Amino acid sequence: MEKVHFIGAGPGDPELITIKGKKLIDQADVIIYAGSLVNPAVLAGRKKDAEVHDSAYMNLDEVMDVMISAAKAGKKVVRVHTGDPSIYGAIREQMVRLDAEGIDYDVIPGVSSFCASAAAVKKEFTLPSVSQTVIITRMEGRTPMPDGEKLKDLAKHHASMCIFLSVGFMDELTKTLLEAGYAPDCPMAVVYKASWPEQKILYGTVSDMAEKVKENKIEKTAMTMVGGFLGDKFELSKLYDSHFTTGYRKGTD
Ligand code: SAH
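Residues numbered from 1 in each chain as written. Predicted model: local features only at pLDDT ≥ 70, side-chain atom pairs only at ≥ 80, totals over all residues. Heavy atoms only, no water.

**A closer look at the overall build of the protein**
Item 1. A count of helical and extended segments in the protein gives 7 helices and 10 strands.
Item 2. In terms of principal-axis extent, the alpha carbons of the protein reach across some 60 × 50 × 35 Å.
Item 3. A buried classification covers 43% of the 253 residues belonging to the protein. (Helix = DSSP H or I, 4+ residues; strand = E, 2+ residues; numbered from the N terminus. Buried < 20%, exposed > 50% of the residue type's maximum accessible area, 1.4 Å probe, protein only.)

**Details of the side chain of Ser160**
Item 1. Inspection of the secondary structure assignment puts Ser160 in strand 7 (residues 160-164).
Item 2. According to the relative accessible area criterion, Ser160 is buried, its value standing at 1%.
Item 3. With near-sequence residues (within four places) excluded, Ser160 lies in contact with Phe125, Ser131, Thr133, Val134, Ile135, Val226 and Phe229. (Contact = heavy atoms within 4.5 Å.)

**Some points on unusual backbone geometry**
Item 1. Residues other than glycine seldom take positive phi values, yet Tyr88 does so here, at roughly 50°.
Item 2. With respect to the helices and strands, the residue Tyr88 is situated in the loop between strand 4 (77-81) and helix 3 (92-101).
Item 3. For Tyr88, a relative accessible area of 40% corresponds to the partly exposed category.
Item 4. One non-glycine residue, Ala90, lies in positive phi territory at about 55°.

**So, the site of the ligand**
Item 1. In the region of the ligand, 18 residues are neighbours, and Ile87, Ser112, Ser113, Ala194 and Ala222 sit closest.
Item 2. Between the ligand and Ser112 there is a distance of 2.8 Å, counted from an oxygen atom to a side-chain nitrogen or oxygen.
Item 3. At 3.5 Å, a backbone N or O of Met223 approaches a nitrogen atom of the ligand.
Item 4. Tallied by class, residues from the shell around the ligand come to 11 nonpolar, 5 polar and 2 charged.
Item 5. When residues of the shell around the ligand are assigned to domains, at least three fall in each of domain 1 (4-108) and domain 2 (113-230). (Near = heavy atom within 4 Å. Polar contact = N/O pair within 3.5 Å; in protein donor to acceptor, adjacent residues only side chain to side chain. Nonpolar A, V, L, I, M, F, W, Y, C, P; charged D, E, K, R; others polar. Domains from an automatic or database assignment.)

**With respect to the nonpolar core**
Item 1. Formed by 24 residues in total, the largest nonpolar core has its most connected members in Met161, Met170, Leu177 and Val226.
Item 2. Those elements that place two or more of their residues in this core are helix 5 (151-154), strand 7, helix 6 (170-179), strand 8 (187-192), helix 7 (209-215) and strand 10 (222-226).
Item 3. When near neighbours in sequence (up to four residues on either side) are disregarded, Val226 contacts Ala159, Ser160, Met161, Ile163, Leu177, Tyr182, Cys186, Pro187, Met188 and Val206.
Item 4. In this structure, Val63, Met67, Ile91 and Met95 belong to the second largest nonpolar core, which totals 17 residues. (Core = buried A, V, L, I, M, F, W, Y, C linked by side-chain atoms within 4.5 Å.)

Written as structure tokens, this is what we have:
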């Protein structure tokens, strides 16, 4: 039986899928892709007779029926998720069902939208003396946040934060950040459809981002980033410090 491949399609630009992911899509007999976010252009090289299913219109049972019956019939199946499948990809529930059927699978990682968003604003999450930690989170929606993981808890760290799935709650989001002790002028950026032709970047602060998001009518498919990493104050790295000896290079003193 063929392995099922879970593939990260990347953030949108069809050139931001891995070579491995693209090769597997191009060889697939059955493609199930998350049509709400995956750019269909990543499927452009598929076989003429490949069967394509958009999981936006399917529930878990329907997705699994297609996947399991195709795999059992010896077909090559790819399950294409947006960004990287390990982040809000809902892949574990699919893997459990494949395990139960004795169907093997692997995962081809992808460029997550939080990386594509950092690229869009040309910033580094981990700046010396600013933050060495990236928090990936979301606001509570239909999926409840576990204890200790609400935005107000995570905000206490003042780490670089990437908030997925939450641009529609910007009033509440920024209010929570202020309550958690963020300075009103702490920089924020919202990247709508990072790496797509219609990409839009909003720069602002904790105090004005809710207004900017409303003005620009951004309601979904956007990454919210907050933290000092979006500002201009930081120290130089030790890695490239001329005085610093590394395993590869001797320092000047
Ligand atoms: N697995 C995906 C995330 C899926 S959850 C990944 O790794 O990126 C969907 C959320 O991801 C969206 O609500 C939005 O917050 C973010 N997202 C996905 N694609 C995006 C893009 N191109 N630009 C900005 N945010 C994006």
